[in-house]
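Summary of structural features
Spelled out, the chains give:
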Amino acid sequence: MSNNYQRLRVLTARATRTVATVTAHNPDGTSAVELMSGTSITVLGQDVAIGSKAYIEDGRIIGAAADLPYADIDV
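Criteria and cut-off values
- Residues numbered from 1 in each chain as written.
- Predicted model: local features only at pLDDT ≥ 70, side-chain atom pairs only at ≥ 80, totals over all residues.
- Heavy atoms only, no water.
- Helix = DSSP H or I, 4+ residues; strand = E, 2+ residues; numbered from the N terminus.
- Buried < 20%, exposed > 50% of the residue type's maximum accessible area, 1.4 Å probe, protein only.
- Polar contact = N/O pair within 3.5 Å; in protein donor to acceptor, adjacent residues only side chain to side chain.
- Core = buried A, V, L, I, M, F, W, Y, C linked by side-chain atoms within 4.5 Å.
- Contact = heavy atoms within 4.5 Å.
- Phe/Tyr/Trp six-rings, centres within 6.5 Å; stacked < 30°, edge-to-face > 60°.
- Lys NZ or Arg CZ within 6 Å of the ring centre and 35° of its normal.
- Pairing = 2+ DSSP bridges.

Our focus in this paragraph is the side chain of Glu 57. With respect to the secondary-structure elements, Glu 57 resides in strand E4 (residues 53-57). Since its relative accessible area comes to 16%, Glu 57 is described here as buried. A distance of 3.2 Å separates polar atoms of two side chains, one belonging to Glu 57 and the other to Arg 17.

Right, let's talk about the nonpolar core for a bit. Core analysis: the biggest nonpolar cluster contains 8 residues, these being Ala 20, Val 22, Val 33, Val 43, Val 48, Ala 54, Ile 56 and Ile 61. Contributions of two or more residues to this core are made by strand E1 (17-25) and E4. The residues contacting Val 22, other than those within four sequence positions of it, are Ser 31, Ala 32, Val 33, Val 48, Ala 49, Ile 50, Gly 51, Ser 52, Ala 54 and Ile 61.

Take the packing of aromatic side chains next. A full pass over the atoms with the stated rule returns 0 aromatic pairs. Directly above the ring of Tyr 55 sits Arg 17, whose terminal nitrogen or CZ lies 5.8 Å from the centroid.

A word on the pairing of E1. Examined bridge by bridge, E1 and E4 share 5 bridges and lie antiparallel to one another. Bridging from a neighbouring strand, Arg 17 pairs with Glu 57 of E4. In terms of strand pairing, E1 meets strand E2 (residues 30-35) through 5 bridges, oriented antiparallel. By the bridge assignment, Thr 21 is partnered in E2 with Glu 34. The hairpin turn running from E1 into E2, its antiparallel successor, is 4 residues long, and Gly 29 in that turn takes a positive phi close to 90°.

Dropping the structure here:
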């Protein structure tokens with residue numbers, strides 16, 4: 001028998017969502033984006049304007065994100 005908690009986690013697993021800045025649109029329907037870490041990746045979709053922030057999930061743009069300031073505070 002398998003662990004019931006592990007089986008529940010598999011059923012309710014969600015993809016990780018992150019925010020990135022769109023840097024370019026490519027002719028094949030993809031976009032180049034820059035993550036907050038500075039890493040550049042290519043994702044599917046062109047729904048967000050260049051220079052704007054987008055939500056990225058499972059390697060695709062799922063919508064526009066608010067352009068809010070970011071602060072990292074060490075405690």
